Amino acid sequence: MQATCRHLLSLNDLTADEARALLARGTELKAMHRRGEDYRPLRHRTLAMIFEKSSTRTRVSFEAGMTQLGGHALFLSARDTQLGRGEPVEDAARVLSRMVDAVMIRTFEQTTVERFAAYSQVPVINGLTNRLHPCQVLADLQTYCEHRGDIRGRRVAWIGDGNNMCQTYLEAARLFDFELRVGCPAGFEPAADLLAAAGERCTVLHDPLAAAAGADLIATDVWASMHQEGEHAARAALFAPYQVSEALMACAAPDALFMHCLPAHRGEEVAAAVIDGPQSVVWDEAENRLHVQKALLEFLLVKRSSDPDSSRGPA
């Protein structure tokens, strides 16, 4: 029989209190790491990392995070596993979840992680799909809180494609109670069901300067995501007015922060003067992938451990 366990397939899998606690714990674990504290609650635990999409930050942050918490991470690419040869997702979930303690999946379709989780006996984490990128947005919000305090009641502007990052910000707006303005070209709006769920917390505008007006946080992403490379030239022409430039940042609040999930294309979705300027916190944002994911792994694994001493670190 399948064991009952928690997953993170979207931010909707968290309550508002749990989500805020994760951000706070991420900051606490970050401070502990910098002080050199030896905290290893995941000794003898293994995280399987399944990658059907390439990655830098996701792989390094989860692998380093498991090591810092005393555990081990296994990198599994599609070409190295039977998933790449057509093994049903359900069968892979049944097998892997008998051998490891958690699974992180970075893939294309949201249904893939949902099907895997439905047959897994251990927690499953969405490392990215075409629909959502919950771990990245948790890192973004941890970064905002570290620099500016609580994001509740603030205004966030998403500028560019209504992609998986934008769609996760829609979930975050409801969970963390902030206003989201999406500035995107017509035809590139986020999914209608996620817009409907966000309700009055989100407004879609086709004028990027209007979307940025008074914003406390400006966030963007590349104009052509992975496997959209063939659309790059057409998208570049269409999205050119949506570059996060110095002029656009000037429309935001004076102390507004700039974020980008990376990798970035300077001169396209963001001007070099912005991403390398004083309002940019992209390097803190990238580092916080490590720390908030450690908090997430601890949340999913430690409190459900059968070892009563596991949460205390090494003996």
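Scroll up a little and you will see the structure.
Residues numbered from 1 in each chain as written. Predicted model: local features only at pLDDT ≥ 70, side-chain atom pairs only at ≥ 80, totals over all residues. Heavy atoms only, no water.

### A closer look at the overall build of the protein
Logical step 1: A tally of helices and strands in the protein yields 12 helices and nine strands.
Logical step 2: Relative to the globule expectation of 20 Å for 315 residues, the C-alpha radius of gyration of the protein, 19 Å, shows essentially globular dimensions.
Logical step 3: The dimensions of the protein, computed from C-alpha atoms along their principal axes, are 55 × 45 × 35 Å.
Logical step 4: Considering the protein as a whole, with its 315 residues, one finds that 54% of them fall into the buried category.
Logical step 5: A separation of at least 24 residues holds for 73% of the contacts in the protein among residues at least 6 apart in sequence.
Logical step 6: For the protein, the accessible area works out to roughly 13,300 Å², and carbon and sulfur atoms hold 51% of it.
Logical step 7: Across the protein, the mean location of the 33 positive side-chain charges is 5 Å away from that of the 41 negative side-chain charges. (Helix = DSSP H or I, 4+ residues; strand = E, 2+ residues; numbered from the N terminus. Rg over C-alpha atoms; globule rule 2.2 N^0.38 Å. Buried < 20%, exposed > 50% of the residue type's maximum accessible area, 1.4 Å probe, protein only. Contact = heavy atoms within 4.5 Å. Areas by Shrake-Rupley, 256 points an atom, 1.4 Å probe, with all protein chains shown as cover. Lys, Arg positive; Asp, Glu negative; His and termini not counted. Charge placed at Lys NZ, Arg CZ, Asp CG, Glu CD.)

### As for the pairing of strand S6 (residues 179–183)
Logical step 1: Among the five residues that make up S6, four are buried, leaving the element largely enclosed by the rest of the structure.
Logical step 2: Here strand S5 (residues 155–159) pairs with S6 via five bridges, running parallel. Opposite Trp158, over in S6, you have Val182 as the bridge partner.
Logical step 3: Considered for its hand, the β-α-β crossover made up of S5, helix H6 (residues 164–176) and S6 is right-handed.
Logical step 4: Here S6 runs beside strand S7 (residues 202–205); their pairing, made up of four bridges, is parallel. The residue bridging Arg181 from the neighbouring strand is Thr203, located in S7.
Logical step 5: Handedness of the S6-helix H7 (residues 192–198)-S7 crossover: right-handed. (Pairing = 2+ DSSP bridges. Right-handed = clockwise from strand over helix to strand, strands pointing away.)

### Points about the packing of aromatic side chains
Logical step 1: Counted by the stated rule, this structure contains five aromatic pairs.
Logical step 2: When the ring of Phe188 is compared with that of Phe239, the centres are 5.1 Å apart and the planes differ by 70 degrees; the resulting orientation is edge-to-face. Taken together, the residues span a long stretch of sequence, with Phe188 in the loop between S6 and H7 and Phe239 in helix H9 (residues 232–239) at a distance of 51 residues. Accessibility assignment for this pair places Phe188 and Phe239 in one class, buried.
Logical step 3: Centroid distance Phe239 to Tyr242: 6.3 Å. Interplanar angle 65 degrees. Geometry classified as edge-to-face. Like Phe239, the residue Tyr242 is buried in the burial classification. (Phe/Tyr/Trp six-rings, centres within 6.5 Å; stacked < 30°, edge-to-face > 60°.)

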